[in-house]
Amino acid sequence: MGTLMAGWAIYLSRDLPHGMLHLAAGRFIPLALVGAVLGAAASFLIALLLSRLLRAGRRWWLGGMALLVLCYATALGLAAVPLRPVLFPLHMFSPKPLSIGLFLVLAGILGGLLLARFLDTRAGQADPAGGARIRSRRPAVAAWSGAALVVLTASSVLALSWIPAGRSPKSPPVILVSLDTLRADRMGILGNTRGLTPMLDSLARDGAAFDHAESAAPWTLPSHASLFSSRLPYDHGTRWEHRPLHPAIATLAEHFREAGYRTASFNGGGYVSAALGLGQGFEIYEEHDEVREGGPKPILAAALEWIRSVGDVPFFIFIHTYEVHSPYSHDEHADAGDAGRLSCPFGFKEVTAVQNGTLTLTTSERRYVSGLYDSDVAYTDQVVGGLLETLRRDGILDRAILVVTSDHGEDLWDHSSLRSPGHGHSLYEELLHVPLFFRAPGLVRAGGRIGTPVSLLDVAPTLLALAGLPPDRDHRGRSLERALRDGKEPDAVPIQAESIEYGPGRFSLRQGDLKVIVAPAPDQVNAGIGFPVEPVEVFDLRADPREEHDLSGRMPPQATEMLRSLLERVGRVFEPLREKHLDDERIPERLREQLRSLGYVH
Ligand SMILES: [Zn+2]
């Protein structure tokens, strides 16, 4: 059973097509070992039980068999329904018919073994004298096979360390930090003058910072899945339906683990939970409840302890905190005079009241909430900056590759009064523009500033390149290693974002300063929430960084080309809704004409 499960895990994860031999062996051995030990123990117990019952008489034997069948059925029932995710953790990632098939095969094998044991003992009971000699061979064969399997698996464990993993003893450790919900414009290094992020700014100045880094999605789950996989949300498939990241997608952690790195994550759980597939490739994936624990310090303490325990072995660590995310729990940068009916903390209850329309904030109250958000940013800078400073003093940071970023920003009445404060509902820059800097003495030029827009899809290929690991051909982003090393601007390429958590689905494309946003189904309701949006918007981010002046009425020629390319993607990944809605009466005639001329509406 363990061998079957291990083979299934390797098949689902496509370890062999990805060339991840070390990882495949790592997946196979524990499951096979557990299966062999449990199978041997169960077989031994059943044999013991049956022989005892046999000696106790026919009635006891029949009762014992009935009990065994009952235990078997109960175990199957437990595995099949309520504890399915626990007992069959791969079930939720795999296609339903295959999972049901696997389940039935396992049930069949176990049931068959039980039946064989039943018939075996029955034959012995019917003919105790003549059958004894024949029967005596079967347990011996089974026992020797079991023992051989245990020895084989145990020796594979020892052999694992000898499988070449492409690791160089000089491989730098990699520290990836995601500060959830942190807007780019709160960073001092990106122009904020309130002094909220002195420690992170200082670290960023030791490395290279990107002026225009864009998230691939405006909310936590798809954005992190894109960060880990270098794929757009409609390609990795983890969107508002909360489907887990498929195990066949090789994540950044899997690449590092394949290369012999130790891997761990200490994070705020929720939408970065291992239950949603983001734990793939991590040996340790420690999820914290920051609201209950009173902030991110336990996450940071656990991360520090783990890093110190690793020693000189190369490691990849992903540190994530929701401290900047609501509830906003600090007020040092908020003016108490603005508070009005509010107080600190400002949390879920207040956010829900604003979104329901039962609480309408005044201008000064909005200013207060924004001040609370800034205070959380400043606190995050202190504690995360403190951890990184400790690592610097320990001599770890200066030999490591450090990346600090965020998965998305926060709408603070930039565009939506109903969804502020919040995110996940649009593709405007207050949600997509995120901080991003790399620091790696010797690998990244200190003081670098890169103005060309880049995507968080570029982080994974860049980290592989900086660590000297082979690229992943399935990555959609590009390596920025050369730009970081030489300080030269990378080529300008189109930057895409998609996947909305609330309201109509949208797709955006940015080329240089021009940005096009398309809502292929403007009246779509996601997660029970719908609100009116424009089917197409065009902005010139240089002239209009706040995206207040939609240029779609007099489309620049380049925007028409961008719209065409965006609609091609929409057509590929959003086809059913496109068919349903692009012919909708509600699409303005002006846009309808334009789409017709592009061949998308007939
Ligand atoms: Zn987030």
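Source: prediction; values computed, not measured. Along each chain, residues carry numbers from 1 onward, in the same order as the chain's sequence is written. At least 70 in pLDDT is required for a residue's local features to be given in this predicted model, at least 80 for side-chain atom pairs to be given and counted, and no such filter applies to totals for whole chains, interfaces and linings, which use all residues.

1. Comments concerning the overall build of the protein
Let me state the cut-off plainly: Segments assigned H or I by DSSP are reported as helices when at least four residues long, segments assigned E as strands when at least two residues long, and all are numbered from the N terminus. We call a residue exposed when 12 or fewer other C-beta atoms sit within 10 Å of its C-beta, buried when the count reaches 20 or more, and partly exposed for counts in between; the C-beta positions come from the backbone. A pair of residues counts as a contact when their C-beta atoms, built from backbone coordinates, are separated by no more than 7 Å.
Helix and strand content of the protein: 20 helices and 15 strands. Split into buried and exposed, the 602 residues of the protein put 43% on the buried side. Of all intrachain contacts in the protein linking residues separated by at least 6 positions in sequence, the fraction that spans at least 24 positions is 67%.

2. Observations regarding the sheet that holds strand S8 (residues 433–434)
Put simply, the rule reads: Any two strands with at least two DSSP bridges between them are considered paired.
Taken in spatial order, the 3 strands line up as S8-S3-S11 in an open sheet, and their pairing is mixed. With one partner strand each, in any of the chains shown, S8 and strand S11 (454–455) form the two edges of the open sheet. Both strand S3 (residues 213–214) and S11 contribute to a ladder of 2 bridges, which runs parallel. The residue of S11 that forms the bridge with Ala 213 is Val 454.

3. Thoughts on unusual backbone geometry
Along the chain, Cys 344 connects to Pro 345 via a cis peptide bond; the corresponding omega equals 5°. Within the element layout of this structure, Pro 345 appears in the loop between strand S6 (315–321) and helix H13 (348–356). Following Ser 420, the chain continues into Pro 421 via a peptide bond in cis, with omega recorded as -5°. Here Pro 421 shows up in the loop between strand S7 (401–405) and helix H15 (429–432). If you check the backbone angles, Ser 230 has positive phi at about 55° while not being a glycine. Looking at the secondary structure, you find Ser 230 in the loop between helix H8 (220–229) and helix H9 (233–236). By C-beta crowding, Ser 230 is classed as buried, having 31 other C-beta atoms within 10 Å. Located in the positive-phi region is Glu 547, a residue other than glycine, with phi close to 50°.

4. Some remarks on the sheet that holds S6
To keep it simple, the criterion reads: Simply put, an axis is a line fit to the C-alpha atoms, just over the touching stretch for a helix, and the angle between two N-to-C directions goes from 0 to 180 degrees.
Taken together, the 8 strands give an open sheet; going across it, the order is S5-S4-S6-S1-S7-S9-S2-S10, and neighbouring strands pair in mixed fashion. The open sheet is flanked by strand S5 (284–287) and strand S10 (448–450), the only strands paired with a single partner. Between one strand axis and the next, the sheet turns through 10° on average, direction left out of account. With 3 bridges connecting them, strand S2 (residues 208–210) and S10 associate as parallel partners.

5. A look at the nonpolar core
It is characteristic of soluble globular proteins that their nonpolar side chains tend to be buried jointly. Inclusion rule: Note on terminology: a nonpolar core is a set of buried residues of type Ala, Val, Leu, Ile, Met, Phe, Trp, Tyr or Cys, with members joined through C-beta atoms within 7 Å.
Ile 401, Leu 402, Leu 463, Val 516 and Val 518 are the most contacted members of the largest nonpolar core, which has 131 residues in total. A per-element tally of this core places helix H14 (residues 363–393) first, with 11 residues. Once you skip the residues sitting within four places of it in the chain, Leu 463 turns out to touch Val 174, Leu 252, Ile 401 and Val 403.

6. Describing the pairing of strand S1 (residues 174–179)
Most of S1 sits inside the fold, with 6 of its 6 residues counted as buried. Where burial is concerned, the two faces of S1 agree: the one with Val 174, Leu 176 and Ser 178 and the one with Ile 175, Val 177 and Leu 179 are both buried. Where S1 lies against S6, 6 bridges are found, and the strand directions are parallel. The residue of S6 that forms the bridge with Val 177 is Ile 319. Bridging between S1 and S7 involves 5 bridges; their strand directions are parallel. If you follow Val 174 over to S7, its bridge partner there is Ile 401.

7. Considerations on the pairing of S6
For S6, the buried fraction is high: 7 of the 7 residues fall into the buried class. Here S6 shows two buried faces, one formed by Phe 315, Ile 317, Ile 319 and Thr 321 and the other by Phe 316, Phe 318 and His 320. Here strand S4 (residues 262–267) runs beside S6; their pairing, made up of 5 bridges, is parallel. In the strand pairing of S6, Ser 265 is matched with Phe 318.

8. Some thoughts on the packing of helix H12 (residues 297–310) against H14
Packed helices, taken two at a time, are described by the angle their axes make and the gap between the axes. The line we're drawing: Angle categories: roughly parallel below 35 degrees, roughly antiparallel above 145, roughly perpendicular from 65 to 115, and oblique for all the rest. Definitions for this section: a left-handed crossing has its near helix turned counterclockwise from the far helix by less than a right angle. A right-handed crossing has that turn clockwise.
The N-to-C vectors of H12 and H14 enclose an angle of 15°; their axes lie 10 Å apart at closest approach. Taken as axis vectors, H12 and H14 run roughly parallel relative to one another. Viewed along their axes, H12 and H14 form a crossing whose handedness is right-handed. On H14, the residues that touch Lys 297, Leu 300, Ala 303, Leu 304 and Ile 307 of H12 are Val 383, Val 384, Leu 387, Thr 390 and Leu 391.

9. Some points on the environment of Phe 531
Assignment of secondary structure puts Phe 531 in the loop between strand S14 (514–518) and strand S15 (536–540). With 113 residues separating them in the primary sequence, Phe 531 and Leu 418 have C-alpha atoms 9.8 Å apart. With sequence-adjacent residues up to four places away left out, Phe 531 is seen in contact with Leu 418 and Gly 503.

10. Some details on the packing of helix H7 (residues 198–206) against H14
As a reminder of what qualifies: Side-chain classes are defined by residue name, with Ala, Val, Leu, Ile, Met, Phe, Trp, Tyr, Cys and Pro counting as nonpolar, Asp, Glu, Lys and Arg as charged, and the others, Gly among them, as polar.
Where H7 contacts H14, the two axes come as close as 7 Å, and the packing angle between them is 45°. Put simply, H7 runs oblique to H14. Contact with H7, carried on its side by Pro 198, Met 199, Leu 200 and Leu 203, involves Asp 381, Gln 382, Gly 385, Leu 388 and Glu 389 of H14 and no other residues of that element. Across the contact of H7 with H14, the residue classes tally to 5 nonpolar, 2 polar and 2 charged.

11. Digging into H14
Inclusion rule: Expected helix span is taken as 1.5 Å per residue step, with the number of steps being one fewer than the number of residues.
Given a rise of 1.5 Å per residue, 31 residues ought to cover 45 Å, and the 44 Å separating the end C-alpha atoms of H14 matches this to within 8%. Residue Gly 395 follows H14 closely and has a positive phi angle near 80°.

12. Quick look at helix H1 (residues 2–13)
Taking 1.5 Å as the rise per residue, H1 with 12 residues should run 16 Å; its terminal C-alpha atoms sit 16 Å apart, in good agreement. Residues of H1 that are buried: Gly 2, Met 5, Ala 6, Trp 8, Ala 9, Ile 10 and Ser 13.

13. A few points about the environment of Gln 496
Within the fold, Gln 496 resides in strand S12 (residues 495–498). Every residue in contact with Gln 496, bar those within four places of it in the chain, is listed here: Leu 232, Ser 508 and Leu 509.

14. Notes on the environment of Pro 441
Mapping Pro 441 onto the fold places it in the loop between strand S9 (436–439) and S10. Spatially, the C-alpha atom of Pro 441 lies 6.9 Å from that of Arg 399, the residues being 42 residues apart in sequence.

15. Here's the deal with the confidence of the model for the protein
Stated formally: Note: pLDDT gives the predictor's confidence per residue, expressed from 0 to 100.
Across the protein, the average pLDDT comes to 86, with 86% of residues at 70 or higher. Contacts of residues 130–134 to residues separated by more than four positions or lying in other chains number 3 contacts, the stretch itself having pLDDT below 50. Note on residues 598–602: pLDDT under 50 across the span, and 10 contacts to partners over four residues away in sequence or across chains.

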